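Breakdown of the fold
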Amino acid sequence: MLPKGILIDLDDTILAYSAVAEPIWKKLCQEYAGRMDSIQPERLFGGIKKMSDWFWSDKERHKKGRQDLNSARRFTVSLAFRELKLEDLSLAEEMADRFSAQREEEIFIFEKAEGTLEILTRQNISLALMTNGEAKKQRNKVQRFNLERFFKSILIEGEMGFGKPEEAVYKRAMMELDLGPDEVWAVGDNLEFDVSGPQKLGIFGVWNDFSRQGLPSGSEVIPDRIIYDISELVEEGL
Ligand SMILES: [Mg+2]
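Figured I'd write up the structure that's included with this text. Just so it is clear, the model here is predicted, and its values are computed rather than measured.

So, how was this worked out
- Residues numbered from 1 in each chain as written.
- Predicted model: local features only at pLDDT ≥ 70, side-chain atom pairs only at ≥ 80, totals over all residues.
- Heavy atoms only, no water.
- Helix = DSSP H or I, 4+ residues; strand = E, 2+ residues; numbered from the N terminus.
- Buried < 20%, exposed > 50% of the residue type's maximum accessible area, 1.4 Å probe, protein only.
- Contact = heavy atoms within 4.5 Å.
- Areas by Shrake-Rupley, 256 points an atom, 1.4 Å probe, with all protein chains shown as cover.
- Lys, Arg positive; Asp, Glu negative; His and termini not counted.
- Charge placed at Lys NZ, Arg CZ, Asp CG, Glu CD.
- Donors = N, O, S within 2.8 Å, 3.2 Å for Na, K, Ca; no water.
- Salt bridge = Lys/Arg side-chain N within 4 Å of Asp/Glu carboxyl O.
- Pairing = 2+ DSSP bridges.
- Axes fitted to C-alpha atoms, helices over the stretch in contact; angles between N-to-C directions.

Moving on, we get to the overall build of the protein chain. In terms of helices and strands, the protein chain carries 10 helices and 8 strands. Across its three principal axes, the protein chain shows a C-alpha extent of roughly 60 × 35 × 30 Å. For the protein chain, the proportion of its 238 residues judged to be buried stands at 52%. Summarising the internal contacts of the protein chain: among those between residues at least 6 apart in sequence, 64% fall at separations of at least 24. Split by element, the accessible area of the protein chain, about 11,900 Å² in all, is 49% carbon and sulfur. Charged side chains of the protein chain number 33 positive and 43 negative; the gap between the two group centres comes to 2 Å.

Given below as structure tokens:
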């Protein structure tokens, strides 16, 4: 039985966001390593990945960085260049900017996402979209994939000035849907933002394990349900 309302995440839940990153970096590393001649592409890729993992592992850096992704990428790639003793930092910024542009371009909607949202709205389930990140980038994605029509409420961190896992986000979503915590589910790929944050308010938390990695060992967050694709919510209907 589905609830009266669902609070749904955007990136890696409706849109494929993470999957496109690595192939773009690998291609760029091939090209730029070739141009610099003093480093192997694999090493350049490893250096960028290391700095990026370091950067995004910290909550405060994450919060600030996701409000200006292009600058955050310039910063991490430049750090990698420094660590790898690559001197031309203008190439680092150029690489970061090309990644930023290509990634936006290559994001795509999961195959069954639109059909799922259609079925849910047809079943009169009220939907709220909750997404962290920049106002402009996130709003552009919503428009580009024509998602507004499915949602009663669209909550974008950059537009509101606050984001997941702040309680205010889930409360506002419920207020806009006019539903209480026992009447909604939250669905998304981030264990903290989409599962434990909502659970603290008594909301049923569904983890979208889109990359099928399984719960991290010793995870403190225990989802109420685990899915691999949002279409599982309406399985029979698709
Ligand atoms: Mg997400």
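Structure shown, so let's carry the discussion forward.
Distances from the magnesium ion to its protein donors, Asp9 (OD), Asp11 (O) and Asp189 (OD), fall within 2.0 to 2.2 Å. For the magnesium ion, the single-chain donor residues occur in sequence as D-x1-D-x177-D. Here the residue Asp9 occupies a position in strand S1 (residues 5-9), and Asp189 occupies one in the loop between strand S6 (184-188) and helix H10 (191-200), the gap between them amounting to 180 residues.

This model, assessed by the stated rule, comprises 21 salt bridges. Among the salt bridges present, the one from Asp11 reaches Lys141, with a minimum N-O distance of 2.9 Å. Of this pair, Asp11 sits in the loop between S1 and strand S2 (15-16) while Lys141 sits in helix H7 (residues 135-144); the two residues are 130 residues apart in sequence, bridging distant segments of the chain. There is no split in this pair, since Asp11 and Lys141 are both buried. Where Glu31 meets Arg35, a salt bridge forms, and the shortest distance between an N and an O atom there is 3.4 Å. Placement of the pair is Glu31 and Arg35 together in helix H1 (residues 21-36), with a separation of 4 residues, close to one helical turn. Overall, Glu31 belongs to the partly exposed group, its relative accessible area being 32%. By relative accessible area, Arg35 is classed as partly exposed at 46%. Taken together, the shared-partner salt bridges in this structure form one network comprising Glu31, Arg35, Glu94 and Arg98.

Looking at where Asp209 falls in the secondary structure, it is placed in the loop between strand S7 (204-208) and strand S8 (225-227). Contact partners of Asp209, with chain neighbours within four places excluded, come to Gly214, Ile226, Ile227 and Tyr228.

Looking now at the sheet that holds S1. Strand order in the open sheet formed by 6 strands is S5-S4-S1-S6-S7-S8, with parallel pairing between adjacent strands. Where the open sheet ends on each side, the last strands, each with one partner, are strand S5 (153-156) and S8. Adjacent strand axes in the sheet meet at a mean angle of 20° when their direction is disregarded. Inspection of the sheet shows S1 paired to strand S4 (residues 126-131) by 5 bridges, in the parallel sense. From the neighbouring strand, Ile6 faces S4, where its bridge partner is Leu127.

Glancing now at the environment of Ala113. Counting through the fold element by element, Ala113 comes out in helix H6 (residues 113-122). When the C-alpha positions of Ala113 and His62 are compared, they lie 27 Å apart, and in sequence the two are 51 residues distant.

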